[in-house]
Each structure stands twice: as structure tokens, then as C-alpha cells.
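Observations on the three-dimensional arrangement
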Amino acid sequence: MRRRPSQMMNWTFIALGAGWTGVLCLALVACSDITSLNQESPSRVKASDLDKPENAQLLVTSAVGDFECALASYIVSGALVSDEMANANLINRLWDYDRRTILPTNTVYSTTRCDNGDPTVYTVLSTARFDADNALARLDGWTDEQVPGRIGLIATAAAYAGYSLVLLGEGMCSAALDVGPELTPAQILTEAGARFTRAIDAATQASDTVTLNLALLGRARARLDLGDKAGAGADAALVPVGFRVDATYSGVKTQRENRVFTTFYRDLIATVDLPFRDANFAGTPDPRAEVVDLGTPGADAATEVFAPTKYPSIDSPIPVGRWEEAQLILAEADLAAGDVGGAVGIINTLHANAGLPAYGGGTPEEVMAQIIEERSHELFLEGQRLGDIIRYGIPLYPPPGTPFSIGAGTSGEYGTQVCFPLPAAERNNHPNIPD
């Protein structure tokens, strides 16, 4: 839909992981980055600085903060590669995203830190995953007496490790964990499922229903990605009505900003792409993907900026997981099991909640196409579209070979690269990955 607007505790450790050096800063606002191997040796940091049970909560809080920054950054990166966003910037380091010509030597998606401001993927998600898994390992070595609420912290750390792995599995062509071998998306998503199972078990033991439902939804997502629709549906069916967990943001520092908001409203470096500027169902505007015409050109001084109303401020929260997503997973599972009516009923419940006309149903193929359309609107700019394009084989927009426009000119053509390749720096520095 389109309309006009009226409008520290400073505490650092270095640890080797995934062929990089991970840096974790614990503070009131957590921050982390992974930089190249040409950094201080991990052995120079005292193990005693890490092995303190009193820092358990800070470890987990930091991992969550790292994931929140990585999520916002991944959403922008993935949206540019997919058909949710288009380039409005003259800075050529970002053109590869929208143009779908991402090379392993591109440092923006690979080694850029979360406090940089550019949309990035590999380093920030690898950092978030490492920090959560590191917290898990340390919590496993401590006792309940040493760490009050230890089981609940284990559940949280495992859930956020799972979500970091899900995004890596959905967006990366391959990745590596903890100096291990190069993993396929399916192997990464299997790792995510294992983390979510750990989180489910711990959250059940701790009677933490919020983390339990977050992990159930995360495992449902990973299972759906892996083609296990029955398992995905079983998990999704357990997520209660109204469930939602948000990533939180603020304007206090770069890594805490809602990067979707800053991309459109402050930096003007992207515009909502054409397929999403007039989202509707049967002629009724769809409020789930509402777009506002800012009436101003972007940073390239030529592209008119259309912006989502979903994130109206720099501190707008972003959903990590919510009931509506669970319902769409369940609809797909119902359809796969032959329950066309059940899938249509779920779509119509979501339509009623959004104030949209009812969907009349159709053949299984037609209903599946509608589920994909529902996902594109319901989960607009939540970090799901790129994975959907890959999983469902959605036709690319603009089609490959179309001239790529920048400002008043062009630069090359749109390509076919819809996943982020393993970075050259990772491959070159990793002892267990062939050159």
C-alpha cells in the first residue's frame, strides 16, 4: 500500500571461531565484531577473565545484542538482494547486492562490523552465533549454585544461536563454524535445529514459556527450510495466539539502531522495490506491507524513495518470531498433508486480522502460490524474503540481464547470485577449507 506521509562494563575477549577472531564487548549495550586473523593472539587473553560465573547474564545479554544488530543488518542486505528493496545510492560498494553480482571478495557483506553502518551479513551473524555458543559452553561448565537461573540462560543462549544459524543457512551459499569444514545451507540449518532442540528442553525445564515458544518457532522455520513440513507444522501448531518476541533498538549508538529505518528515512540509500509498492489483495490495500512515498530522491539524487511504514523510528522493534509466521508454516504443512481447507482457513484468519477480504481457495497449487504471497506481505522486511526466493524458486525481479540503473545511468546488468558466497577472506585464512 502506498500513501504520502503527513510525516560498561568494558570487558573484552578474543577467541578463534569460523576462521576469524571474535571480539565480544560486554557493556550496557553489547557489541561484537569479527575481524581478520591478523589480530592479537587468543592466548594473550587470560582464561580467568572469562571463567567467571557472575558474568553469565552479561554473556547471554551480549549474545542477544549481537544477534539484534545482525538481524537488522541482514534484513537490509537480504532485501536488497531480493525484490523488497532497490538501490538508491551512488556508493558502488552496495551495488552488488541489488545487482545480484556478489563476489567472495566483496568486503561489505563479509568482514564489515556491526558498528560500521553498512548492511552486512557474514561477520555479524558469525559473531552472534559464536557468542551464543560460547555462552552455552561456559554455562555448561558452571553449576546452578554458581549461576542463579542457569537453565533459563541456557535456553536463551541456545535459541539465539539457533536464530543466527537460521539466517546463515537461509542467506549464505556456505559457511564455517569454529574452524570446522565448509558447511552447506542444509548442514547449517541442521545445526540450527539442534540449538533449538536444546533451547526447547532447557526452556521446558525452566518453565520459560516465552523462550520455549521462540525456540519452537525457530525449529519450525529450520525444519521448513529443510523440507520437513510435517515436523515444521507440529512445532508451529504449539505456538500460541498472540505470541511475539521482538529485537529492540535505540539511537544511542550505531549498532543499536534499527537499520531498516535508517536505510530509508535517514540515509536514503534504498527504496522499496516495485513489486511491494502497491501490496494488495483483490484490490484492497494490504496494511501489512504499507509503503509511503517520501516525495524525495535518494542519495543518488535520482531514485524516488518509497519507504515502509512498518518501522517508523530509529528505535522501532523488529520481530524475531511471532504467531503469524507460525500460522503460515502450519498452513504450508496442512497443504502438504492434503488439508487444503485448513490452509485456506489460516489464510483467512490472517486476512480477517489485517482487515482484508476473504480468500476463496483453489487448487493445491493455487493455494501454495497464495501462501507464498501471504508470506511476502505478512513477513515484509523481517528477513524472510531472500530465503523464500531461494526455497520456492521465486522468479527474480528484475530478471537477469536487465540493465542495472544507478542514478541517471546504468552499470552492468542484473545477475543471478541470490546467496552470499563464502568470503574469500574466510577461505584464504581457514586451515580446514581448501582454497
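Quick look at the structure, then. (Residues numbered from 1 in each chain as written. Predicted model: local features only at pLDDT ≥ 70, side-chain atom pairs only at ≥ 80, totals over all residues. Heavy atoms only, no water.)

**Here's the deal with the layout of surface pockets**
Threshold: Lining residues are those with an atom within 4 Å of a point, where the points come from a 1 Å grid over the protein atoms alone and group into cavities, where a 1.4 Å probe fits but cannot get out, or pockets, open sets with protein on both sides within 12 Å along at least five of seven lines. Grid points are joined across faces, edges and corners, and a volume is the space filled by probe spheres set on the points. A run of DSSP states H or I qualifies as a helix once it reaches four residues; a run of E qualifies as a strand once it reaches two. Both are numbered from the N-terminal end. Residues are grouped as follows: Ala, Val, Leu, Ile, Met, Phe, Trp, Tyr, Cys and Pro are nonpolar; Asp, Glu, Lys and Arg are charged; all remaining types, including Gly, are polar.
Within this model, the largest pocket holds a volume of roughly 280 Å³. Among the elements of the structure, β5 (85-87), β11 (304-308) and β13 (403-406) are those that each provide at least two residues to the lining of the largest pocket. The dominant element in the lining of the largest pocket, judged by the number of residues it contributes, is β13, at three residues. Here the residues of the lining of the largest pocket sort into eight nonpolar, six polar and five charged.

**A closer look at the pattern of salt bridges**
Selection criterion: Should a side-chain nitrogen of Lys or Arg be within 4 Å of a carboxyl oxygen of Asp or Glu, the pair is scored as a salt bridge.
Per the stated rule, a full pass over the model turns up 30 salt bridges. Close ionic contact of R266 with D267 constitutes a salt bridge, the shortest N to O distance being 3.0 Å. Bridged by salt links that share partners, the residues D286, R288, K310, R322, E324, E374, E378 and E382 form one connected network.

**So, the state of the cysteines**
Two cysteines, two sulfur atoms, one covalent bond between them: this is a disulfide. How we decide: Note on terminology: pairs of cysteine sulfur atoms within 2.5 Å are recorded as disulfides. Here's how the labels work: a residue is buried when its accessible area is under 20% of the maximum for its type, exposed when over 50%, partly exposed in between, all with a 1.4 Å probe on protein chains only.
Counting across every chain of the model gives two disulfides. C69 shares a disulfide with C114; S-S distance 1.9 Å. Residues C69 and C114 are joined by a disulfide whose S-S torsion is about -115 degrees; by sign, that bridge is left-handed. Taken together, the residues C69 in helix α1 (residues 56-81) and C114 in the loop between α3 (107-110) and α4 (122-141) connect sequence positions 45 residues apart. With a relative accessible area of 6%, C69 lands in the buried category. Exposure remark for C114: the relative accessible area of 5% places this residue in the buried category. Residue C173 pairs covalently with C419 via a disulfide, S to S 2.0 Å.

**Points about the side chain of T263**
Stated precisely, the cut-off is as follows: Polar contacts, as counted here, are pairs of nitrogen or oxygen atoms within 3.5 Å of one another; within protein the pair requires one atom able to donate a hydrogen and one able to accept it, and residues that are adjacent in sequence qualify only if both atoms are side-chain atoms. When checking whether two residues touch, look at their non-hydrogen atoms; a contact exists if any pair is within 4.5 Å.
On the secondary structure map, T263 appears in helix α9 (residues 259-266). Within the structure, the side chain of T263 is placed 2.6 Å from the backbone oxygen of R259, a separation counted as a polar contact. Setting aside its immediate chain neighbours within four residues, T263 contacts V76, M85, L268, I269 and A270.

**Here we look at the packing of helix α6 (residues 185-206) against helix α7 (residues 209-225)**
Selection criterion: To get an axis, a line is fitted to the C-alpha atoms, and for a helix only the part in contact is used. The angle between two axes follows their N-to-C directions and goes from 0 to 180 degrees. Any angle that is under 35 degrees is reported as roughly parallel, and any over 145 degrees as roughly antiparallel; angles of 65 to 115 degrees are reported as roughly perpendicular and all others as oblique. The sense of a crossing depends on the near helix, which, turned anticlockwise from the far helix by less than a right angle, makes the crossing left-handed and, turned clockwise, makes it right-handed.
Close contact between α6 and α7 brings their axes to 8 Å; oriented N to C, the two are set at 155 degrees. Between α6 and α7, the crossing angle belongs to the class labelled roughly antiparallel. Considering the relative orientation of α6 and α7, their crossing is left-handed. Judged by residue contacts, L189, A192, G193, F196, T197, A199, I200, A203 and T204 of α6 engage T211, L212, A215, L216, G218, R219, A222 and D225 from α7. Looking at side-chain class alone, the contact of α6 with α7 contains ten nonpolar, five polar and two charged residues.

**Digging into empty space enclosed by the protein**
There is about 60 Å³ of room inside the largest cavity. In terms of lining residues, the largest cavity is bounded by E170, R221, L224, D225, E325, I329, R375, Q384, G387, D388 and R391. Of all the secondary structure elements, the ones that give two or more residues to the lining of the largest cavity are α7, α10 (323-336) and α13 (385-392). Across the lining of the largest cavity, the residue classes tally to two nonpolar, two polar and seven charged.

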